[in-house]
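Each chain, written out:
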Amino acid sequence: MLRIPRRRAGQKGFTLVELAIVVAIAGLLFAGLWRLMSSGTQQLAEQAAADQMQKLANAVKGYLSSSNGQQWLATASWQNNLATGTFNLPLPAAGAPAGSTNCKTTAPMSTASAPSASSLWRDFCDYLPSGFSAASINPYGQAYEIKVRRVSGTLGSAPTAYEFMILTNDAGGTNVIPDTQGGRIAALMGGDGGFVYTNNNVCGSPPVQWACGAFGGFAININSYSSASSFTASSSGGRIASRTFVSADSSTSSPWLARSLLPGDNATTPVFNTMSTSLVLGGQQVYMGANTTATTGGGNFNVAGGDITGQGRIVLGATAGKTGVANFNNTGGTGAAVVITGTGSGDAATVNSGDLTVSAAVNANAFVYTSDRNLKHDIVRLDGTLDKLLQIEGVSFRWNSDDSESMGLIAQDVEKVYPELVVIKADGTKGVDYGKLVGPIIESIRALHEENAALRHEIERLKR
């Protein structure tokens, strides 16, 4: 039987059992701490790789959107012989001094004559993150390559739509990023982020030739960028990719406004509007239906200083159970929230069904009621209108909402005499169609006129 020696009074140090327990606990703590440190280091590397790729993508997008970038796109060699093609966006060589062929010249570039492509891309250095060069690598030891591809446009001019891909280069296959980490890096980069997987057939076969976008945003065969020159060949995946699409109606700084394809929009490349560009209807209808997932109606549609113009119509469609469709608010400007100008033969605005509710004053040059005889039948002259009108009292009152003073009629009083002139609104309150009181008033005046004429005739007879 094993006997555990007991500590004697005054004895110092540890027994063998206590020492073994301390060593075991220390080992567990060290192992856990090591895993925690390794996990933290991995997360930092993933975030750093995503941030570096995003910065480079923003630099490329900023340069290609500049005037020099647009000139370079128009003067690229493939423009002359390919409807669709790819070309490299060179990165400056490591340590290249200003004025060299790999970086911007010290003197301002002349725009008097068409500059060569090589002189134009030198300005790209100014857009790169600080210290970035062709020798720059990500935390996994991978370098960068950039390809730009035409999507649509006229040869000899800057393309109306183009896209560019940035792919990390691991030609030797020695710095492969694991698929699990690559998926997380792509997600950290957002919608433009992507990854070339090694084993998992995520978006194409074979997987090492396909760049797979985060959230299923895109799936592109890397070889499709090889019209003029291809990415460095690699037989392995484990590389980070990003794909950015730019069109004439997209913005480098504004989020895209996703929408369905409109009737008549036959552009080769689908149109993407931004929240800061004008929405031109172009003779078609744009339906702004209520949000089917909302509980109280749709969202907000704001045009900050812009216009909605065109020869088409804006049809605001309500959905059953929703409390609103669209709000037009003027929160600080001096003009009206909505201005409708009709220049054709039709109406400037039409409400086909439902009530038009206005909680403030309505100013207009004229209010015209539909009253054509050809639109009516069973026409009968009103009778006894004077007696009926005398049953209605004109009153003065104050509104409960703002205590403002006004005058008019009480709907419940009118309803007793002319129920057809009283409208019950959605909230249960009652309103009076004042315009239709014109008929009874005219007939009452006619009755008074006839009575007055009869009295005049009787007075003349008595005088004689």
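Residues numbered from 1 in each chain as written. Predicted model: local features only at pLDDT ≥ 70, side-chain atom pairs only at ≥ 80, totals over all residues. Heavy atoms only, no water.

**Considerations on helix 2 (residues 67-75)**
- Every buried residue belonging to helix 2 is among Asn-68, Gly-69, Trp-72, Leu-73 and Ala-74, and all of these are buried.
- Between the side-chain oxygen of the N-cap and the backbone nitrogen of Gly-69 there are 3.1 Å, and the N-cap of helix 2 in question is Ser-66. (Buried < 20%, exposed > 50% of the residue type's maximum accessible area, 1.4 Å probe, protein only. Helix = DSSP H or I, 4+ residues; strand = E, 2+ residues; numbered from the N terminus. Polar contact = N/O pair within 3.5 Å; in protein donor to acceptor, adjacent residues only side chain to side chain.)

**Structural notes on helix 4 (residues 179-189)**
- Within the sequence span of helix 4, burial applies to Asp-179, Gln-181, Gly-182, Ile-185, Ala-186 and Met-189. One side of helix 4 holds all its buried residues, which, seen down the axis, span an arc of 155°.
- Gly-190, located one to two residues past helix 4, shows a positive phi value of around 95°. (Arc of directions from axis to C-beta.)

**Examining the packing of aromatic side chains**
- Per the counting criterion, the structure on display carries four aromatic pairs.
- Judged by centre distance (5.7 Å) and plane angle (65°), the ring pair of Tyr-63 and Tyr-127 falls under edge-to-face. Pair noted here: Tyr-63 is in helix 1 (residues 16-65) and Tyr-127 is in the loop between helix 3 (117-120) and strand 2 (143-152), with a separation of 64 residues, a long-range link.
- A centroid spacing of 5.0 Å and a plane angle of 85° characterise the contact between Phe-195 and Tyr-197, whose relative ring orientation is edge-to-face. No difference in accessibility class separates Phe-195 from Tyr-197, as the two residues are buried. (Phe/Tyr/Trp six-rings, centres within 6.5 Å; stacked < 30°, edge-to-face > 60°.)

**Some thoughts on the nonpolar core**
- Residues Leu-56, Val-60, Leu-64, Phe-124 and Ile-166 are the most contacted members of the largest nonpolar core, which totals 36 residues.
- Broken down by secondary-structure element, the contributors of at least two residues to this core are helix 1, helix 2, strand 2, strand 3 (161-169), helix 4, strand 5 (210-213) and strand 7 (239-247).
- Looking at this core, the element that brings in the most residues is helix 1, giving ten residues.
- In this structure, Leu-56 is in contact with Leu-91, Leu-128, Pro-129, Phe-132, Tyr-144, Ile-146 and Ile-166, ignoring residues within four places of it in sequence.
- Core analysis: the next-biggest nonpolar cluster, separate from the first, contains ten residues, Phe-218, Ile-220, Ile-222 and Tyr-225 among them. (Core = buried A, V, L, I, M, F, W, Y, C linked by side-chain atoms within 4.5 Å. Contact = heavy atoms within 4.5 Å.)

**Observations concerning the state of the cysteines**
- By the definition in use, this model includes one disulfide.
- One disulfide bridge connects Cys-203 with Cys-212, the sulfur atoms lying 2.1 Å from each other. Handedness of the Cys-203-Cys-212 disulfide follows from its S-S torsion of about -80°: it is left-handed.
- On the basis of relative accessible area, Cys-203 is assigned to the partly exposed category, the value being 24%.
- Classification of Cys-212 by relative accessible area gives buried; the value is 4%. (Disulfide = S-S within 2.5 Å.)

**Focus: the pairing of strand 5**
- Every second residue of strand 5 is oriented toward a common face, with Trp-210 and Cys-212 on one face and Ala-211 and Gly-213 on the other, all of them buried.
- Bridge count between strand 4 (residues 193-196) and strand 5: two bridges; the pairing is antiparallel. Opposite Gly-194, over in strand 5, you have Gly-213 as the bridge partner.
- For strand 5 and strand 6 (residues 219-221), the ladder comprises three bridges, and the chain directions are antiparallel. (Pairing = 2+ DSSP bridges.)

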